[in-house]
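# Results of the structural survey
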Amino acid sequence: MKKVKILDSIVNDFTEDSLKQELKASFNGQKGCLYAKVNTEFLLRAREDKNFAATLDQFDYSIADGIGVLWAAKFLSRPVVSNKILRTVQVNWQWLYTSLSLVFYPKYVRNPIPERIPGVDCLYLMLESAIETDSPVYILGAEEKVLVTAIDNLQEKYPKLRIVGHHEGYNFSDKAVIDEINRSGAKLLVVALGSPKQEYWIKDNIEKLPSVRVAVGEGGSFDFIAGTFKRAPRWMQKIGLEWLWRLFMNKNKTHSGGRARRIWNAVPVFMYAIVKSKINNEV
Ligand code: UDP
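What comes next concerns the included structure. (Residues numbered from 1 in each chain as written. Predicted model: local features only at pLDDT ≥ 70, side-chain atom pairs only at ≥ 80, totals over all residues. Heavy atoms only, no water.)

## Regarding the overall build of the protein
Counting secondary structure elements, the protein contains 13 helices and eight strands. Relative to the compact-globule value of 19 Å for 283 residues, the protein shows a C-alpha radius of gyration of 19 Å, a close match. Overall, the C-alpha framework of the protein stretches about 60 × 35 × 35 Å when taken along its three principal axes. By the burial criterion, 51% of the 283 residues in the protein qualify as buried. (Helix = DSSP H or I, 4+ residues; strand = E, 2+ residues; numbered from the N terminus. Rg over C-alpha atoms; globule rule 2.2 N^0.38 Å. Buried < 20%, exposed > 50% of the residue type's maximum accessible area, 1.4 Å probe, protein only.)

Okay, structure coming up:
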């Protein structure tokens with residue numbers, strides 16, 4: 001499996017199939033494997049916050065969650081000359097044609113990272129792997145009502161899924177949750193506290209959770225599974241704009257700034273950071 005460096009983070013070149021294989025290996029392995037789902041906001045945060053970047057370094061795998069990550073990997077893979085003036089012109093040209101390809105020929109950006117695996121689909125894939133390896137699941141996060149409805153919906157979709165425990169994500173003691181997870185013997189731990197809280201929680205506590213083989217930072221998937229938020233229309237999912245829908249639907253309980261600010265960060269601020277780092281040869 002290849003790894004691609006984007007700004008200060010490493011992203012794996014997963015396809016749905018290779019991710020499934022890796023998950024199976026993790027479930028059958030001896031240690032806890034940490035999975036992060038990476039979008040453009042996430043990559044930007046890792047650049048700006050060294051503590052978050054160091055936390056991500058401890059994760060074993062990063063899954064590309066949006067088309068922006070595929071775009072960045074493609075854009076950075078284009079070669080450049082060493083002369084700074086020529087490189088600046090070249091990088092701007094590369095920015096233009098790789099961005100236009102998102103609209104006119106999205107297949108172009110599917111290399112070096114071939115697939116984006118959006119949040120909810122990725123969670124389904126993990127749950128299916130848990131069923132296939134008979135791995136029990138524990139869920140931490142989301143509001144109580146949302147979580148209970150989401151679990152009901154998941155049990156209906158996957159009657160063989162073994163959810164052995166859950167806890168809402170606003171009012172809990174780490175110790176009580178850790179004890180509960182250990183008593184449950186869960187092998188898949190889904191932590192949906194929003195980023196970066198969920199990644200910090202996983203990093204700080206994984207050593208205390210010997211039964212867990214796969215831990216993943218989930219974000220807002222349970223709000224969609226519970227039906228609190230509707231998933232993006234099919235056409236938006238198809239052209240890779242589900243991330244935009246998610247940011248738009250987000251009522252923003254955990255993030256500073258509003259929806260407009262998140263979209264601003266996810267697109268122009270992110271692109272600017274990538275272009276600048278390439279011109280300055282920092283990548
Ligand atoms: N959440 C939580 N505890 C918190 C903050 C957030 O359980 O202290 C939950 C929230 O209810 C939502 C999920 O974390 O279900 C993800 O939050 P958000 O939508 O802000 O994250 P995103 O998916 O946009 O990264």
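## Some points on the environment of Met126
By secondary structure assignment, the location of Met126 is in helix H6 (residues 119-132). Placed 17 residues apart in sequence, Met126 and Val109 show a C-alpha to C-alpha distance of 25 Å. In this structure Met126 touches Leu23, Phe27, Tyr35, Ile63, Leu188 and Val216, once residues within four positions along its chain are discounted. (Contact = heavy atoms within 4.5 Å.)

## Examining the environment of Asp57
With respect to the secondary-structure elements, Asp57 resides in helix H3 (residues 50-57). Taking relative accessible area as the criterion, Asp57 reaches 59% and is therefore assigned exposed.

## Some details on the side chain of Ser62
Mapped onto the secondary structure, Ser62 falls in strand E4 (residues 61-64). The class of Ser62 is buried, set by a relative accessible area of 7%. Separated by 3.2 Å, the side chain of Ser62 and the backbone oxygen of Ile10 make a polar contact. Ignoring anything within four residues of it in the chain, the contact list for Ser62 reads Ile10, Val11, Asn12, Phe14, Ala36 and Val38. (Polar contact = N/O pair within 3.5 Å; in protein donor to acceptor, adjacent residues only side chain to side chain.)

## A word on helix H12 (residues 242-249)
Within H12, burial applies to Glu242, Arg246, Leu247 and Met249. On an axial view of H12, the arc spanned by its buried residues comes to 165 degrees, and they lie on one face. Next to the buried residues of H12 lie helix H2 (40-48), H6, helix H10 (221-225), helix H11 (234-238) and helix H13 (259-279). (Arc of directions from axis to C-beta.)

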